[in-house]
Amino acid sequence: MIRRIDVLSYNNALRQLSPLWKSTFAALMFLLSYTVHPVLQIVITLWMMSWCIFHAKIPFRAYGLLFGTALLFYALSVPALLVEFGRPAAGDAGVFRISESPIPMYITAAGVQQAGELLARVAACISCFFFLMFTTPFSELLQVLRRLRMPQIVLELMLIMYRFLFLLTDAAHGLMLARRLRGGRRGYKARLRETAAMAGALFGNTMHRYYGLSHGLLTRGFTGEIILPPYAARPVPRRYTARAYAGIAVLLLAQLWLRLRA
């Protein structure tokens, strides 16, 4: 999937926009996503999706697959928010009992409300991250961070780790392909042993390719610092700037109206 994201970040309709403008816009929307009302968080989620799908021309299938995968981590935390152990106190509203024995469990209306509010916030924040991830290549993100005075050692570590992800996926794909061509093994215990062997082989293969990458850097004249290309400012069409500022202004006014109404 990481290769798919990398290809889309280089071949989307918003590729030529200023990376600093896109980063600033995503950061402002992320702050709003974390602070505004849950209803407005849902609006932000849909709005940022429209930026990716309709403006950047990101395929809906790729976006939906990655968005659903990210929400799986939220789904894993839902039971901890909803399920309470023991017996509900007298007067609790909206109590739904799951079981009476051997361990009493129940769900309250407050837990459902908290889970819903967290879902709206998580979805809004993820949509802001996806806008930046799908529309801006990683190399341009590093240029923006360098312009913001990020330490050079941090940028180099980020660049090496990003490259290491591709080495890891290539090694894993090769091992899985070799396993399928050889037929694999049947049985639960045999699969466990095979998985453990593949994990060890994956680590060894990945480290071997990592050493090859480090030797390649040395042969190309690496002197302890990876030189990044300079940041190049790009113009932003007025229609995108007007839509972004108008949307932020509407969200702020709606949040103020909700606060005054409450």
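So, how was this worked out
Note on numbering: residues in each chain are counted from 1, in written sequence order. In keeping with the model being predicted, local features are shown solely for residues with a pLDDT of at least 70 and side-chain atom pairs are shown and tallied solely at 80 or more, while totals for entire chains, interfaces and linings include all residues. No hydrogens and no water enter the side-chain calculation; it runs on all heavy atoms of the structure. What counts as a helix is a DSSP run of H or I of at least four residues, what counts as a strand is a run of E of at least two, and both are numbered from the N terminus. The rule is simple: take the accessible area with a 1.4 Å probe, protein chains only, and divide by the maximum for that residue type; under 20% is buried, over 50% is exposed, in between is partly exposed. Nonpolar cores were defined as sets of buried Ala, Val, Leu, Ile, Met, Phe, Trp, Tyr and Cys residues, with membership established by side-chain atoms within 4.5 Å. An axis is simply a line fitted to the C-alpha atoms; with a helix, the fit covers only the stretch in contact. Between two such axes, the angle follows the N-to-C directions and lies from 0 to 180 degrees. Convention used here: angles under 35 degrees read as roughly parallel, angles over 145 as roughly antiparallel, angles from 65 to 115 as roughly perpendicular, and any remaining angle as oblique. By convention the crossing between two helices is left-handed if the near helix lies anticlockwise of the far one by an angle smaller than a right angle, and right-handed if it lies clockwise. We call two residues in contact when some of their heavy atoms are within 4.5 Å. Basically, the charged four are Asp, Glu, Lys and Arg, the nonpolar ten are Ala, Val, Leu, Ile, Met, Phe, Trp, Tyr, Cys and Pro, and anything else, Gly included, counts as polar. For Phe, Tyr and Trp, rings pair up if their centres lie within 6.5 Å, where Trp contributes its six-membered ring, and each pair is then called stacked (planes under 30 degrees apart), edge-to-face (over 60) or tilted (otherwise). Working rule for helices: expected span equals 1.5 Å times residues minus one. Throughout this description, the term salt bridge denotes a Lys or Arg side-chain nitrogen within 4 Å of a carboxyl oxygen of Asp or Glu. By convention in this document, the label disulfide applies to cysteine sulfur atom pairs within 2.5 Å.

S.K.: So what's going on with unusual backbone geometry? Which residues, and what values?
M.R.: Unusually for a residue other than glycine, Lys 57 sits at a positive phi of about 65 degrees. Along the chain, Lys 57 turns up in the loop between helix H3 (38–55) and helix H4 (60–82). For Lys 57, a relative accessible area of 59% translates into the label exposed. Even without being a glycine, Arg 149 presents a positive backbone phi close to 70 degrees. Here Arg 149 lies in the loop between helix H6 (138–147) and helix H7 (152–181). Classification of Arg 149 as exposed rests on a relative accessible area of 75%.

S.K.: Quick one: what's the story with the nonpolar core, residue by residue and with numbers?
M.R.: The biggest cluster of nonpolar side chains holds 35 residues, and the ones touching the most others in it are Met 29, Ile 44, Trp 51 and Tyr 63. Of all the secondary-structure elements, those providing two or more residues to this core are helix H1 (2–10), helix H2 (19–35), H3, H4, helix H5 (109–135) and helix H9 (238–261). Counting residues per element, this core draws most heavily on H5, which supplies eight residues. Core analysis: the next-biggest nonpolar cluster, separate from the first, contains six residues, Val 78, Leu 82, Ile 107 and Ala 115 among them.

S.K.: Quick rundown of the packing of H3 against H5? Include the residues and the values.
M.R.: One way to put it is that H3 packs onto H5 with a least axis distance of 8 Å and a crossing angle of 25 degrees. It follows from the interaxial angle that H3 and H5 lie roughly parallel. Here the hand of the crossing between H3 and H5 comes out left-handed. Of the residues in H5, those touching H3 at Pro 38, Gln 41, Ile 42, Ile 44, Thr 45, Met 48, Trp 51 and Cys 52 are Glu 117, Ala 120, Arg 121, Ala 123, Ala 124, Ser 127, Cys 128, Phe 130 and Phe 131. Partitioned by chemical class, the residues of the contact of H3 with H5 number 12 nonpolar, three polar and two charged.

S.K.: Can you tell me about the packing of aromatic side chains, naming the residues and giving the values?
M.R.: A complete count under the given rule lists 15 aromatic pairs for this structure. Between Phe 25 and Trp 47 the ring centres are 5.8 Å apart and the planes differ by 90 degrees, which places this aromatic pair in the edge-to-face class. One end of the pair, Phe 25, is in helix H2; the other, Trp 47, is in helix H3, and 22 residues separate them in sequence. For Phe 25, a relative accessible area of 3% gives the class buried. Assessed through its relative accessible area of 21%, Trp 47 is described here as partly exposed. Seen in terms of ring centroids, Phe 138 and Tyr 162 are 4.2 Å apart; in terms of plane orientation they differ by 15 degrees. Their pairing is stacked. With Phe 138 in helix H6 and Tyr 162 in helix H7, the pair connects residues that are 24 residues apart, well separated along the chain. Assessed through its relative accessible area of 18%, Phe 138 is described here as buried.

S.K.: Talk me through the side chain of Glu 140; I want residue IDs and the actual numbers.
M.R.: Along the chain, the position of Glu 140 falls in helix H6. With residues up to four places along the chain from it excluded, the contact list for Glu 140 reads Arg 15, Pro 19 and Arg 234.

S.K.: Kindly report on H2, identifying the contributing residues and their values.
M.R.: Since there are 3.6 residues in each turn of an α-helix, residues three or four apart along the chain are aligned in direction. The end-to-end C-alpha distance of H2 is 25 Å, a good match for the 24 Å that 17 residues give at a rise of 1.5 Å each. Within H2, the full set of buried residues consists of Pro 19, Trp 21, Lys 22, Ser 23, Phe 25, Ala 26, Met 29, Leu 32 and Ser 33. Where H2 is buried, its residues touch H3, H5, H6 and H9.

S.K.: Break down the pattern of salt bridges for me, citing the residues and quoting the values.
M.R.: Considering all chains together, one arrives at two salt bridges under this definition. For the salt bridge of Glu 140 with Arg 15, the shortest nitrogen-to-oxygen distance reads 2.5 Å. Linking Glu 140 in helix H6 with Arg 15 in the loop between H1 and H2, this pair joins segments that are 125 residues apart in sequence. Like Arg 15, Glu 140 is buried. Judged by relative accessible area, Glu 140 falls into the buried class, the value being 4%. Within the structure, one salt-bridge network assembled from shared partners comprises Arg 15, Glu 140 and Arg 234.

S.K.: Just give me the short version of the state of the cysteines, but keep the residues and values in it.
M.R.: Enumeration according to the criterion identifies zero disulfides in this entry. For the unlinked cysteine Cys 52, the closest cysteine sulfur is that of Cys 128, found at 9.4 Å. A disulfide-free cysteine, Cys 125 has its sulfur positioned 6.4 Å from the sulfur of Cys 128, the nearest such atom.

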